[in-house]
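Spelled out from the first residue to the last, the chains are:
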Amino acid sequence: MKDLFEKKSKIYQSIRNYFYKTGSIEVFTDILLDYPNLDSNVYPIELFVFNEKKEKIKKYLHTSPEPKMKKILSEIKSDIFQITKVFRNFEGSYKHRIEFTMLEWYRVDYNLEDLMVDTKNIFIETSIALYKKPYIEYKGRRYDLTDWESITVDEAFYRYTGVYPDSIESMNRFLKEKEPFFRETHDWEELFFHIYAFYVEPFLGLEKPTFIYDYPPQLSAFAKVENGKGKRFEAYINGVELVNGYDELNDPQELEKRLIKDLEKKRQEGFDYQLDKEFIETTKNLPKSAGASLGLDRLIMVLLNLESIHV
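Another aspect to go through is the overall build of the chain. Looking only at helices and strands, one finds 9 helices and 14 strands in the chain. For the chain, whose C-alpha radius of gyration is 20 Å, the value lies close to the compact-globule estimate of 19 Å for 311 residues. Principal-axis analysis of the C-alpha atoms places the extent of the chain at approximately 60 × 50 × 40 Å. Taken across its 311 residues, the chain has 51% of its residues classed as buried. Counting contacts in the chain only where the partners sit at least 6 residues apart, residues at least 24 apart contribute 68% of the total. Accessible surface computed for the chain: about 15,300 Å², of which carbon and sulfur atoms make up 50%.

Have a look at this one:
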């Protein structure tokens, strides 16, 4: 057990050292929020607190430090990072839990390609801190953390399924061939996530660490959309998603439209959430930047070749 804590400590220290030496400022933001994070398929934990007047007030545990960090970024316009606990409802598996640890960072004047290099450097630094070399063993495979593959979402879909995600007809046909009891649907997101989760994601990063990028615009989250593609990436090793990065959206009107869409979807599911207008307004002052989040529990699992994040 002591060995495990020592290795975790080395990982955290190497991450902080990397950001310090590359000119980033460590920031600390509130975990308890007045407004919930609004993000597709992410659900915050609600709780009640009492103020000095004994008034009952609804609060939310943050699912990500993103809104508060972007408020800071809009003010200081400098590279920032944070390591913090985050909380998400309805989570649970060998790589999920309700409370987990996240590294989130933003780089000013970075594009998506710059951020991919930054991400690769973090993996290299943590591996060297542990093993004095940029190589790791995970699930019986050896990975060179200096050698990454980059493929688009379209390429990944076609490589592993023979269909592209822009065709509802093709995705339905594929699933009916694979699953005899599959019922045809015209819900594009349902089809996309079904195929992605079971027939694409398990193979990402299997042979070498992999960046998957250029997402459908419907799945662009808080990333810019250019030439019909969401400018975001995810990083994988052996089918495990470790990092989610964006070329950050700095258009408040577009951001509000996306947040309202998610808010309305969740209201249909019975969740009554409100918009953080200050967060939306902040977006217009964001510098050109790229940012990412990294699940540290998953990173530790992969670096230490563990069976799950529950250690």
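Picking up after the structure, the text goes on.
Time to look at the packing of aromatic side chains. Each aromatic ring pair is characterised by the separation of its centres together with the angle its planes make. By the definition in use, this model includes 21 aromatic pairs. Ring centres of Tyr 43 and Phe 90 lie 5.5 Å apart, and the angle between their planes is 85 degrees; this geometry places the pair in the edge-to-face category. Here Tyr 43, found in the loop between β2 (32–33) and β3 (45–50), pairs with Phe 90, found in the loop between β5 (80–87) and β6 (99–108); they are 47 residues apart in sequence, far enough to count as distant. We classify Tyr 43 as buried; its relative accessible area is 12%. Considering the side-chain rings of Phe 174 and Tyr 199, the 5.1 Å spacing of their centres and the 90 degrees angle between planes classify their relative orientation as edge-to-face. Taken as a pair, Phe 174 in helix α5 (residues 168–178) and Tyr 199 in helix α6 (residues 188–200) lie far apart in primary sequence, 25 residues in all. Each of the two residues, Phe 174 as well as Tyr 199, counts as buried.

This part is about the nonpolar core. Counting 39 residues, the largest nonpolar core has Ile 15, Leu 103, Trp 105, Phe 123, Ile 237, Val 243 and Leu 294 as its most contacted members. It is helix α3 (residues 112–131) that contributes the most residues to this core, 7 residues altogether. Beyond its immediate sequence surroundings of up to four residues, Leu 103 is in contact with Ile 15, Phe 19, Phe 81, Gln 82, Ile 83, Ile 122, Ala 292, Ser 293, Leu 294 and Leu 296. Formed by 21 residues, the second largest nonpolar core is a distinct cluster that contains Ile 151, Trp 188, Phe 192 and Tyr 196.

It is worth spelling out unusual backbone geometry at this point. Backbone geometry places Asp 109, a non-glycine residue, at a positive phi of 65 degrees. Locating Asp 109 in the fold gives a position in the loop between β6 and α3. Asp 109 gets classed as exposed once you look at its relative accessible area, which sits at 56%. Not every positive phi belongs to a glycine, and Lys 132 is a case in point at roughly 65 degrees. For Lys 132, a relative accessible area of 77% translates into the label exposed.

Looking at chain direction, β3 and strand β4 (residues 56–61) are connected through 6 bridges and run antiparallel. Note on β4: the bridge partner recorded for Phe 50 is Lys 56. The antiparallel hairpin formed by β3 and β4 contains 5 residues in its connecting segment, where Lys 54 sits at a positive phi of about 65 degrees.

Parameters and conventions
- Residues numbered from 1 in each chain as written.
- Predicted model: local features only at pLDDT ≥ 70, side-chain atom pairs only at ≥ 80, totals over all residues.
- Heavy atoms only, no water.
- Helix = DSSP H or I, 4+ residues; strand = E, 2+ residues; numbered from the N terminus.
- Rg over C-alpha atoms; globule rule 2.2 N^0.38 Å.
- Buried < 20%, exposed > 50% of the residue type's maximum accessible area, 1.4 Å probe, protein only.
- Contact = heavy atoms within 4.5 Å.
- Areas by Shrake-Rupley, 256 points an atom, 1.4 Å probe, with all protein chains shown as cover.
- Phe/Tyr/Trp six-rings, centres within 6.5 Å; stacked < 30°, edge-to-face > 60°.
- Core = buried A, V, L, I, M, F, W, Y, C linked by side-chain atoms within 4.5 Å.
- Pairing = 2+ DSSP bridges.

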